[in-house]
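# Structural characterization, general
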Amino acid sequence: MTDLTADATAIEQPGAADRNPAADRNPAAPGGGRTVAAAVPPSLVSRLAAGITAAGEPALVETVAPLTGELLAGLPQSTPADVEVAFQLARRAQPAWAALPVRRRAAVLLRFHDLLLKRQDEVLDLIQAETGKARLHAFEEVLAVAMAARHYGRAAHSYLRDKRHGGALPVLTQAIEARRPKGVIGHISPWNYPLELSIGDALPAFAAGNAVVNKPDTQTALTALWARELLIEAGLPADLWQVVIGDGPVIGPAVVEHADYVSFTGSTRTGREVAQRAAARLVGASLELGGKNAMLVLADADLDRAAEGAVRACFSSAGQLCISIERLLVHRSVADEFLARFAARTRALRLGGGLAYGADMGSLVSVRQLDATVRHVEDAVKAGATVVAGGRARPDLGPFFHEPTILDGVTADMAVCAEETFGPVVAVYRFDTEDEAVTAANSTPYGLNSSVWTRDLRRGRKLAARLRTGTVNVNEGYAAAYGSVSSPMGGMGESGLGRRHGAEGILRYTEAQTVASQRLMPIAPAFGLDDRQFAAVLTGGLRVLKALRFK
Ligand code: NAD
């Protein structure tokens, strides 16, 4: 990596401290839309909170609206005993649901798709209020969920239908591979894409005949609860989707303790713990974890498209996106030109927090994310990196705003080089050869997403085969692969286990069961044959099958 930054000072850029703060700060977006208080009134909070499994007089935890810092909601917290109750209710409801024909279950997803598109403004307000992201980025969630609902609504039947296989003895044995639901899925989701990551992964679980106990992050529980309400309106039996919330290290393990399968999205650190607990119980788990994703700009790339793509790839949801790009590897021959175009676009991004379209980037979700972002930028600058764009928190816009930031001259000793920032910060590195770029791209333990920019699609696809990531986007940052919901999506290495989307995205929620039936004669000596004769007949039979290329 150090090699790649050998001439990191090629572009003369002043450090953050030297710049005129008023002149080059990102502009504020026009306001507009409803206020958070109007969009999320107490009546809505208490209606949605009624969907949380929490008995007695539960403790309330307050959440804050990141855009303004004002109080958003007081939410009842579930206890481990409530989690047990949630699993009991879900387990009771699941067999009747599993007994329905797949098409009846899938029809609920198709109705949900239509309702979601119709009622999207309600959930866009909620996502913005809970996460602070720009409305355009909240809409990405609506889009992703609608596409998943439609895909599994239409394709669940073919993914799940019985498959005939050649049996042990041709004609005499018939084998059918059937897919049975796991039972009750324990589904743990983070705050960053609260609609997509609560319901997006639950939809195929329901289509496959399961119930789900979901633990969303408390900060974004209202969005998950809204999705639950809508899915019930679309026809899902209410007990089939239980929502529990509470302290992650307490309620998360309680969910894993009772689940027949665990679907987890979150950090690599927590993912490891979840995997260990699931392994101890011998239940399966899919883990969608962190990343330190690279974008490669080859010498023949369309630099304007690449610069625009980089803005989307690095700063969507203020970089709080697992597949977001945090490392930009650019061929040395085009690096200066690319960086000039990328920096100009980045500086022009309008920051804002209205509950309306118009802002190009919103706020970070919390002081924790803001602190992590500031720490990465400040440490890098102290150790000699250069701020090409952004570089500062923006408390004038809201408590957790931070400018979209480009760093140059980042070296391996800086935290921002290899640690996931999960904020609006990207570091630029230069390379001379494709081999060098591939080595650098593959140099982290993560392996979630990567992006390659070139005018030669064949070259891009060939290069993809050398990248150790679960998704590779050619001439796009992340949306092409993530939006291709019939193809699997997930991480290699420390970015996870298993895949969402496509066949794996639904089959992970099933157990394969082989039902084999034997006809006419057993697979044992019969018709007066002794053991030796039986062995000779079968040996001959295998030779015949081989000669006929049957087996
Ligand atoms: P996190 O791991 O802290 O929390 C994720 C969820 O796990 C939350 O609901 C949390 O309450 C719960 N949790 C916390 N401790 C737990 C425990 N001991 N056992 C079980 N559950 C526990 O992650 P986060 O900070 O909320 O989310 C950001 C991380 O998620 C980033 O690293 C990001 O890259 C990753 N992420 C990955 C994907 C993906 O698809 N690969 C998508 C989104 C986010």
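Summary of the structure given here. (Residues numbered from 1 in each chain as written. Predicted model: local features only at pLDDT ≥ 70, side-chain atom pairs only at ≥ 80, totals over all residues. Heavy atoms only, no water.)

Further remarks concern the nonpolar core. Formed by 119 residues in total, the largest nonpolar core has its most connected members in Phe 112, Leu 116, Phe 338, Phe 342 and Ile 406. The contact partners of Phe 338, leaving out residues within four places of it in the chain, are Val 297, Leu 303, Ala 306, Ala 307, Ala 310, Leu 328 and Val 330. Core analysis: the next-biggest nonpolar cluster, separate from the first, contains 24 residues, Ala 385, Leu 407, Cys 417 and Leu 467 among them. (Core = buried A, V, L, I, M, F, W, Y, C linked by side-chain atoms within 4.5 Å. Buried < 20%, exposed > 50% of the residue type's maximum accessible area, 1.4 Å probe, protein only. Contact = heavy atoms within 4.5 Å.)

Turning to the environment of Leu 172, a few remarks are in order. Mapping Leu 172 onto the fold places it in the loop between strand 3 (163–166) and strand 4 (173–181). Residues Leu 172 and Leu 225 lie 53 residues apart in sequence; the distance between their C-alpha atoms is 52 Å. Those residues in contact with Leu 172 that lie beyond four places of it in its chain are Ser 517, Gln 518, Arg 519, Leu 520 and Met 521. (Helix = DSSP H or I, 4+ residues; strand = E, 2+ residues; numbered from the N terminus.)

Next up on the list: the site of the ligand. Around the ligand, the structure places 28 residues, and the nearest of them are Ser 189, Ser 267, Thr 270, Leu 289 and Glu 420. Contacts to the ligand include Ser 189, whose backbone N or O atom sits 2.8 Å from an oxygen atom. Here an oxygen atom of the ligand and a side-chain polar atom of Arg 368 are 3.2 Å apart. Its free accessible area being 860 Å², the ligand has 93% of it covered by the protein chains. Going through the elements one at a time, helix 10 (248–258), strand 8 (261–265) and helix 11 (268–281) are the ones with two or more residues in the shell around the ligand. (Near = heavy atom within 4 Å. Polar contact = N/O pair within 3.5 Å; in protein donor to acceptor, adjacent residues only side chain to side chain. Areas by Shrake-Rupley, 256 points an atom, 1.4 Å probe, with all protein chains shown as cover.)

So, about the pattern of salt bridges. Between side chains of opposite charge, a pair can form as their charged atoms come close. For the coordinates displayed, the defined rule picks out 33 salt bridges. A salt bridge links Asp 260 to Arg 91, with the shortest nitrogen-to-oxygen separation between them at 2.8 Å. Taken together, the residues Asp 260 in the loop between helix 10 and strand 8 and Arg 91 in helix 3 (residues 80–99) connect sequence positions 169 residues apart. The salt bridge involving Arg 341 is made with Asp 304; its shortest N-O contact spans 3.2 Å. Taken as a pair, Arg 341 in helix 13 (residues 332–347) and Asp 304 in helix 12 (residues 303–315) lie far apart in primary sequence, 37 residues in all. According to the relative accessible area criterion, Arg 341 is partly exposed, its value standing at 25%. Look at the salt bridges and you will find they share partners, linking Arg 25, Arg 392, Arg 394, Asp 396 and Glu 403 into a network. (Salt bridge = Lys/Arg side-chain N within 4 Å of Asp/Glu carboxyl O.)

A few words now on the environment of Phe 139. Inspection of the secondary structure assignment puts Phe 139 in helix 6 (residues 135–160). Note on Phe 139: relative accessible area 24%, which makes it partly exposed. The spacing of Phe 139 and Val 123 is 16 residues in sequence and 9.1 Å in space, taken between C-alpha atoms. If we skip the residues at most four places from it in the chain, Phe 139 touches Gln 120, Leu 124 and Tyr 357.

Pairing in this open sheet of seven strands is mixed, and the strands run 12-13-14-11-10-15-16 from one edge to the other. Both outer strands of the open sheet, strand 12 (386–389) and strand 16 (471–474), are each paired with one neighbouring strand and no more. Averaged over all neighbouring strand pairs, the angle between strand axes comes to 25 degrees, with direction disregarded. Where helix 14 (residues 367–382) meets the sheet, its contacts fall on strand 12, strand 13 (405–408) and strand 14 (425–431), and the angle it forms with strand 13 comes to roughly 30 degrees. (Pairing = 2+ DSSP bridges. Axes fitted to C-alpha atoms, helices over the stretch in contact; angles between N-to-C directions.)

The full count for this structure, using the stated rule, is zero disulfides. Left without a disulfide partner, Cys 417 is nearest to the cysteine sulfur of Cys 314, which lies 15 Å away. For Cys 417, a relative accessible area of 5% translates into the label buried. (Disulfide = S-S within 2.5 Å.)

Turning to helix 10, its buried residues are Ile 251, Gly 252, Pro 253, Ala 254, Val 255 and Val 256. Looking at the buried positions of helix 10, the neighbouring elements they touch are helix 3, strand 5 (184–188), strand 6 (211–215), strand 8 and helix 11.

Turning our attention to the packing of aromatic side chains. In the structure shown here, the tally under the stated rule is six aromatic pairs. With 5.8 Å between their ring centres and 50 degrees between their planes, Phe 206 and Trp 241 make a pair best called tilted. With Phe 206 in helix 8 (residues 202–207) and Trp 241 in strand 7 (residues 241–243), this pair connects stretches of sequence that are 35 residues apart. Neither residue differs from the other here; Phe 206 and Trp 241 are each classed as buried. On the numbers, 6.1 Å between centres and 10 degrees between planes, the contact of Phe 315 with Phe 342 is stacked. Of this pair, Phe 315 sits in helix 12 while Phe 342 sits in helix 13, and the two are 27 residues apart along the sequence. Aromatic ring contacts, followed pair by pair, group Phe 315, Phe 338 and Phe 342 into a single cluster. For Lys 133, the ring lying beneath its charged end belongs to Tyr 193, and the centroid distance is 3.5 Å. (Phe/Tyr/Trp six-rings, centres within 6.5 Å; stacked < 30°, edge-to-face > 60°. Lys NZ or Arg CZ within 6 Å of the ring centre and 35° of its normal.)

It is worth spelling out the sheet that holds strand 4 at this point. Sheet strands line up and pair through hydrogen bonds in the backbone, either parallel or antiparallel. Across the sheet, three strands lie side by side as 3-4-18; this open sheet has antiparallel pairing. Only two strands of the sheet have a single neighbouring strand rather than two, namely strand 3 and strand 18 (510–518). Neighbour-to-neighbour, the strand axes of this sheet turn through a mean angle of 30 degrees, independent of strand direction. The sheet contact formed by strand 4 and strand 18 spans nine bridges and is antiparallel. Bridged to Pro 181 within strand 18 is Thr 510.

Without other data, these values stay purely geometric and don't point to any function.
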